[in-house]
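# Chains, contacts and geometry: an overview
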Amino acid sequence: KHGVLTRKSHADMDGKRTPRGRRGWKKFYAVLKGTILYLQKDEYKPDKDLSEVDLKNAVRIHHALATRASDYSKKPNVLKLKTSDWRVFLFQAPSEEEMMSWILRINLV
Ligand code: I3P
C-alpha cells in the first residue's frame, strides 16, 4: 500500500514526549512494504534507491498498533501509530477512507 501521509511525531523511542521544535507536521510519500513503513520525500520510484534520510524515516511496524486518533481534533482523518519501541506518530491521511485503509493494513502486519 502507498499514498500521501502527513506525519507528526508525538513521542520518541523512550516514550517521552517529542520536544518542541520537532513536533511539526511533515508530508511524505508513504510505502508499506512487508513490516516497514517507508516515509519518502518524493513519490515512490521502483528502481530508485532509498536515500539515507528515507531510511532514517522508515518505521518498523511489527507489533505496532494503529488506531483512529480520536483524542486529536485539530485535523481530520488522523490516525495514531504506536510502535513496539514506544514511539507515537500521528499520520493525517487525505480522506477518511484512506485513513481506515492504512489502519487496517498496518494492523494486519
Ligand atoms: C509544533 C508545531 C505543530 C504543533 C505542535 C508544536 O512546533 O507547530 O504543528 O502541533 O504543538 O509544538 P514545532 O514545529 O516547533 O515542533 P499541532 O499542529 O497539533 O498544534 P504541540 O506541542 O501542542 O504538539
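Our subject is the structure listed above.
This text gives an overview of the structure that appears in the document.

Reading the values: rules and limits
- Residues numbered from 1 in each chain as written.
- Predicted model: local features only at pLDDT ≥ 70, side-chain atom pairs only at ≥ 80, totals over all residues.
- Heavy atoms only, no water.
- 1 Å grid on protein atoms, 1.4 Å probe; cavity = no way out; pocket = protein on both sides within 12 Å on 5 of 7 lines; lining within 4 Å.
- Points joined across faces, edges and corners; volume = space filled by probe spheres on them.
- Helix = DSSP H or I, 4+ residues; strand = E, 2+ residues; numbered from the N terminus.
- Core = buried A, V, L, I, M, F, W, Y, C linked by side-chain atoms within 4.5 Å.
- Buried < 20%, exposed > 50% of the residue type's maximum accessible area, 1.4 Å probe, protein only.
- Contact = heavy atoms within 4.5 Å.
- Near = heavy atom within 4 Å.
- Polar contact = N/O pair within 3.5 Å; in protein donor to acceptor, adjacent residues only side chain to side chain.
- Areas by Shrake-Rupley, 256 points an atom, 1.4 Å probe, with all protein chains shown as cover.
- Nonpolar A, V, L, I, M, F, W, Y, C, P; charged D, E, K, R; others polar.
- Pairing = 2+ DSSP bridges.
- Expected span 1.5 Å × (residues − 1).
- Arc of directions from axis to C-beta.

## Focus on the layout of surface pockets
The volume enclosed by the largest pocket comes to roughly 300 Å³. Taken together, 13 residues make up the lining of the largest pocket; nearest its centre are Arg-7, Ser-9, Arg-22, Asn-57 and Phe-89. Sorting the residues of the lining of the largest pocket by element identifies strand S1 (2–11) and helix H1 (52–57) as the ones contributing at least two each. Here the lining of the largest pocket takes three residues from S1, the largest share from any one element.

## Section: the nonpolar core
Across soluble globular proteins, nonpolar side chains have a tendency to be buried as a group. Ranked by size, the top nonpolar core spans 19 residues in total, and within it Leu-37, Ile-61, Leu-79, Leu-81, Phe-91 and Trp-102 carry the most contacts. Elements supplying a minimum of two residues to this core: strand S2 (25–33), strand S3 (36–40), strand S6 (78–82), strand S7 (88–92) and helix H2 (96–108). Examining the composition of this core, we find that four residues originate from one element, H2, more than from any other. If sequence neighbours within four positions are ignored, Leu-37 has contacts with Ala-30, Val-31, Leu-32, Asn-57, Ala-58, Val-59, Ile-61, Phe-91 and Trp-102.

## As for the site of the ligand
The full set of residues close to the ligand is Lys-8, Arg-17, Arg-20, Gly-21, Arg-22, Arg-23, Gly-24, Trp-25, Tyr-72 and Lys-74. One of the backbone N or O atoms of Arg-22 is found 3.2 Å from an oxygen atom in the ligand. Between the ligand and Trp-25 there is a distance of 3.0 Å, counted from an oxygen atom to a side-chain nitrogen or oxygen. Burial of the ligand by the protein amounts to 65% of the accessible area it has alone, namely 500 Å². Per-class residue counts for the shell around the ligand are two nonpolar, two polar and six charged.

## What to know about the pairing of S2
As paired elements, S1 and S2 share seven bridges and run antiparallel to each other. In the strand pairing of S2, Lys-8 is matched with Trp-25. In the sheet, S2 pairs with S3 via five bridges, with the strands oriented antiparallel. Following the sheet pairing, Ala-30 is matched in S3 by Leu-39. Joining the antiparallel neighbours S2 and S3 is a turn of two residues, in which Gly-34 adopts a positive phi near 60°.

## Thoughts on the environment of Val-59
Within the fold, Val-59 resides in strand S4 (residues 59–60). Val-59 sits 28 residues away from Arg-87 along the chain, and the two C-alpha atoms are 9.5 Å apart. What Val-59 contacts, discounting residues up to four positions off in sequence, is Thr-35, Ile-36, Leu-37, Leu-39, Leu-81, Thr-83, Arg-87 and Phe-89.

## What to know about H2
Spanning 13 residues, H2 covers 19 Å between terminal C-alpha atoms, matching the ideal 18 Å at 1.5 Å per step. Those residues of H2 not exposed but buried are Met-99, Trp-102, Ile-103 and Ile-106. Viewed end-on, H2 has its buried residues packed into an arc of 100°, placing them on one side of the element. Away from its buried face, by an angle of more than 90 degrees, H2 presents the exposed residues Glu-97, Leu-104 and Leu-108. Buried residues along H2 sit in contact with S1, S2, S3, strand S5 (65–68) and S6.

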